[in-house]
Amino acid sequence: MKPGITAKLFMAIFCTCALVLITMNWGVRMSFERGFIDYIRQSNEQRVELLADTLQEQYKQHGSWEFLETNDRLIYQIMRSFEQNSSPRMPPQGWRTKFWILDSHDHRIGGYDLPVPPDLQGPRRVMTVNGVVIGSVISTPAERLTRDADINFERQQSRTSWMIVAFTALLAAAVTWMLSRGMLAPVKRLVNGTHQLAAGNFSTRVEVDSEDELGKLAQDFNQLAMTLEKNEQMRRAFMADISHELRTPLAVLRGELEAMQDGVRKMTVGSLESLQSEVSILTKLVDDLHQLSLSDAGALAYRKVDTDVVHLVQLAEAGSRDRFHAKQLTLTSHLPESAEVFGDPQRLSQLFNNLLENSLRYTDPNGGLEIRGEIRDKSLYLMFQDSAPGISDEQLGRIFERFYRTEGSRNRASGGSGLGLAICQNIVEAHGGQISASHSPAGGVRITIVLPLSVTSGPRN
C-alpha cells in the first residue's frame, strides 16, 4: 500500500526536524569539545607560568635547586596553594596534563617520574634569575582529555545531549503528526467532496473553517458544486419544458388528423389552416431552439463592423409601428442622433425586434412602449420601458431564463416560446455589453441594454 499524503508530509517534516537536530547536536558537541580542550590548554599554560614564577622566587632565596631535590613534596604544596588562594581569574582546580621541572641542563628535578619525551611539543616556560637561565617547566599538550573527571564530564554531557535530541525528536514527531493531520484535514474533505461530485451528487458541500488558501479553495469548491447543481436543475427543467412545448402542438396535429381520418371532421380550408398554424408553431420553436443553442455555444456568425445602433433601433421601430397601432399601443422613442458600436447589424436588429415583440405580446391595450437612449461613460444606454402589466421581483430575476414566461398559462399565442429574452442576453454579451430588467415607471417592465461605443482608432480583434 502506497503512503498517503499525510504520511508523506509527516515524514518530510519529521526527517527535516531530525536532520536539523542531529546537525545541531553534532555542531554543539564539536564546539564544546574544542572549546573545553582549548580552555584546559589555556589553564594549564597559566599554571605552568604560575609554577615557574614561584620556583624562580624559591631559587632566588636558596641559590640552587637543592631545596627541590631534597623536598619532592614542595611542588605539590605549591600547587595546593594555588587552589587555596584561587580567584575568579585563576584556572580550574586540578592539573590536566603531565609536567616536568628541568634544570638548566634539561635534567629532571621534579614532576612526572618518566623521562621527558624527545619530541614533546607542549608549553614550555624558561626560568631565569638575573638574566641567567636556571631551568624550565614543561608539560604535555592538552590535545585530548586525560583526567578521569574531565572524561566523565564529557561523557555525561554527550549522554545528556543525545537524550535531549531523542526527547526533542519525539516531541517533533508528535507535533508534526498533529500538524500534518490538521493541515490535511481540509484537503481530505475536498477529496471526499470531489469524489461525491464526480459521482453526480451535486448537493455535496465541504466545510469552510479557515480564511487561508485552503479555505478559499473550499469556497470555490462549494461555488462549483452550487453551479453544477443549478445547471443540473436547469437541464432537467429545460428538457421538461421542451417536451411540454413539443407535446402540445403535436397533440393538436394528431387529434385533428385522426378526426379527419375517422370522418369526424372534414378536410376543409379551415382545418388545413389550423394544421398549418400548429406546424408554424413547431417550426418557430425549433428555430428558436436552434438560435439559442448557437448563441450558447458561441457559434452564431458575427460579422462586426462599426454600426450606428440608433439607426437600427429606428428601423426596428418603423417595422413594428403598424402592429403596435393595430393593438392600440403607442410606440415612442427618444434617441441620440447617432451612436456607433462595433457589432453585427443583423444580430443587433434581431435583438431589438425581439424586445419589441416581447412588449407587443405582453402590454395591455391602450398602453405603450417608450424607447430611450443616452450616451454616458463611453457606452450607449438603451431602455425599453412599457406600460402595465408589471411583474414581481421574483419574476424579474428569472425573466432571462429559457422557456420562462411571466403569464400563468402556457398559451403560445400570447406567451411565445419563452426563448426570446434568453437569445437577447446572449447577443448582448457577445457584443461585450450588459442587459438587465427592472420595474418601468409606466407600470410595466424596463429592459436596459448597455453597449460599449466603438473605438475609431487602433486595430480590432
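Residues numbered from 1 in each chain as written. Predicted model: local features only at pLDDT ≥ 70, side-chain atom pairs only at ≥ 80, totals over all residues. Heavy atoms only, no water.

An unreviewed UniProt entry lists the chain under the name histidine kinase, with Rahnella variigena given as the organism. Listed in UniProt under the heading Catalytic activity (unreviewed entry), the comment for the chain reads: "ATP + protein L-histidine = ADP + protein N-phospho-L-histidine." A UniProt comment under Subcellular location (unreviewed entry) is attached to the chain, and it reads "Membrane". (UniProt positions renumbered as here; feature names shortened; annotations may be inferred.)

J.: Help me understand the overall build of the chain, please; the structure alone is not making it clear to me.
T.: Scanning the chain from terminus to terminus reveals 11 helices and 11 strands. Classification of the 461 residues of the chain by burial places 36% in the buried group. When the accessible area of the chain is evaluated, it comes to approximately 27600 Å², of which 55% is carbon and sulfur surface. (Helix = DSSP H or I, 4+ residues; strand = E, 2+ residues; numbered from the N terminus. Buried < 20%, exposed > 50% of the residue type's maximum accessible area, 1.4 Å probe, protein only. Areas by Shrake-Rupley, 256 points an atom, 1.4 Å probe, with all protein chains shown as cover.)

J.: Quick question: what am I supposed to make of the UniProt feature "transmembrane region" (unreviewed entry) in the chain here?
T.: As recorded in UniProt, the sites labelled "transmembrane region" (unreviewed entry) are residues 6–28 and 162–180. For residues 162–180, the end-to-end C-alpha separation is 26 Å, with 100% helix and 0% strand making up the annotated structure.

J.: Looking at this structure, how should I read the sheet that holds strand 11 (residues 443–452)?
T.: Backbone hydrogen bonds hold the strands of a sheet together, and the pairing may be parallel or antiparallel. In spatial order, the strands read 6-8-9-11-10; together these 5 strands make up an open sheet with mixed pairing. Edge positions in the sheet fall to strand 6 (330–334) and strand 10 (434–439), since each has one partner strand and no second. Sheet twist, expressed as the average angle between the axes of neighbouring strands with direction ignored, equals 15 degrees. Bridge analysis of strand 9 (residues 379–387) against strand 11 gives 8 bridges, and the strand direction is antiparallel. Within the sheet, the bridge partner assigned to S379 lies in strand 11 and is P452. Here helix 8 (residues 345–362) sits on the sheet and contacts strand 6, strand 8 (368–376), strand 9 and strand 11; the angle it forms with strand 9, its principal contact strand, is near 20 degrees. Docked against the sheet, helix 11 (residues 420–430) engages strand 10 and strand 11, running at close to 135 degrees with respect to strand 10. (Pairing = 2+ DSSP bridges. Axes fitted to C-alpha atoms, helices over the stretch in contact; angles between N-to-C directions. Contact = heavy atoms within 4.5 Å.)

J.: Please clarify how the packing of aromatic side chains should be interpreted in this entry.
T.: Aromatic ring pairs are reported here in terms of the distance separating the ring centres and the angle at which the planes meet. Counted under the stated rule, the structure contains 2 aromatic pairs. For the ring pair Y59 and W65, a centre distance of 4.9 Å and an interplane angle of 50 degrees mean the geometry is tilted. Judged by relative accessible area, Y59 falls into the buried class, the value being 17%. Relative to F384, the ring of F352 has its centre 6.2 Å away and its plane inclined at 20 degrees; by these criteria the two rings are stacked. Residue F352 is located in helix 8, and its partner F384 is located in strand 9; the two are separated by 32 residues in the primary sequence. An identical accessibility class is assigned to F352 and F384; each is buried. A cation over a ring is seen here: R376 above Y381, with NZ or CZ 3.7 Å from the ring centre. (Phe/Tyr/Trp six-rings, centres within 6.5 Å; stacked < 30°, edge-to-face > 60°. Lys NZ or Arg CZ within 6 Å of the ring centre and 35° of its normal.)

J.: What exactly am I supposed to notice about the environment of I78 here?
T.: In this fold, I78 is placed in helix 3 (residues 74–84). Excluding its chain neighbours within four sequence positions, the residues that come into contact with I78 are L51, T54 and L55.

J.: Looking at this structure, how should I read helix 7 (residues 309–326)?
T.: Residues separated by three or four positions in an α-helix point in the same direction, a consequence of the helix having 3.6 residues per turn. If you check helix 7, its first and last C-alpha atoms are 26 Å apart, about what 18 residues at 1.5 Å a residue would give, namely 26 Å. Along its length, helix 7 reaches its greatest deviation from straightness, about 40 degrees, at S320. If you check which residues of helix 7 are buried, you get V309, V310, L312, V313, A316, E317, S320 and F324. Looking at the packing, one finds that the buried side of helix 7 touches strand 5 (305–308), strand 6, strand 7 (340–343), helix 8, strand 8 and strand 9. Capping of helix 7 at its N-terminal end is provided by D308; its side-chain oxygen lies 3.2 Å from the backbone amide nitrogen of V310. Immediately beyond the C-terminal end of helix 7, within one or two residues, lies Q328, with a positive phi of roughly 60 degrees. (Expected span 1.5 Å × (residues − 1). Bend = angle between axes of the 7 residues up to and from the residue. Polar contact = N/O pair within 3.5 Å; in protein donor to acceptor, adjacent residues only side chain to side chain.)

J.: Hey, could you run me through the pattern of salt bridges in this one?
T.: Between side chains of opposite charge, pairing is possible as soon as their charged atoms come close. Across all of its chains, the model carries 10 salt bridges by this definition. When the shortest N-O distance is used, the salt bridge between E49 and R125 registers 2.7 Å. Linking E49 in helix 1 (residues 5–62) with R125 in strand 3 (residues 124–129), this pair joins segments that are 76 residues apart in sequence. Assessed through its relative accessible area of 37%, E49 is described here as partly exposed. Under the relative-accessibility criterion, R125 is labelled buried at 16%. Its salt-bridge partner being E370, residue R372 comes within 2.9 Å of it at the nearest N-O pair. Residue classification places R372 among the partly exposed residues on the basis of a relative accessible area of 37%. Several salt bridges share partner residues, and in doing so they unite E49, D53 and R125 into one network. (Salt bridge = Lys/Arg side-chain N within 4 Å of Asp/Glu carboxyl O.)

J.: Sorry if this is basic, but what is going on with the side chain of S359 here?
T.: Within the secondary structure, S359 is located in helix 8. Among the polar contacts made by the side chain of S359, one reaches the side chain of D386 at a distance of 3.2 Å. Filtering out sequence-adjacent residues up to four positions away, S359 remains in contact with L369 and D386.

J.: Would you mind showing me how to read the sheet that holds strand 4 (residues 132–139) here?
T.: Read from one edge of the open sheet, 4 strands run 2-1-4-3, paired in antiparallel fashion. Every other strand in the sheet has two partners, leaving strand 2 (108–111) and strand 3 as the edge strands with one partner each. Taken pair by pair, the neighbouring strands of this sheet meet at an average axis angle of 20 degrees, ignoring direction. Relative to strand 4, strand 1 (residues 99–103) is paired through 5 bridges, and the arrangement is antiparallel. Paired with I101 across the bridge in strand 4 is V137.

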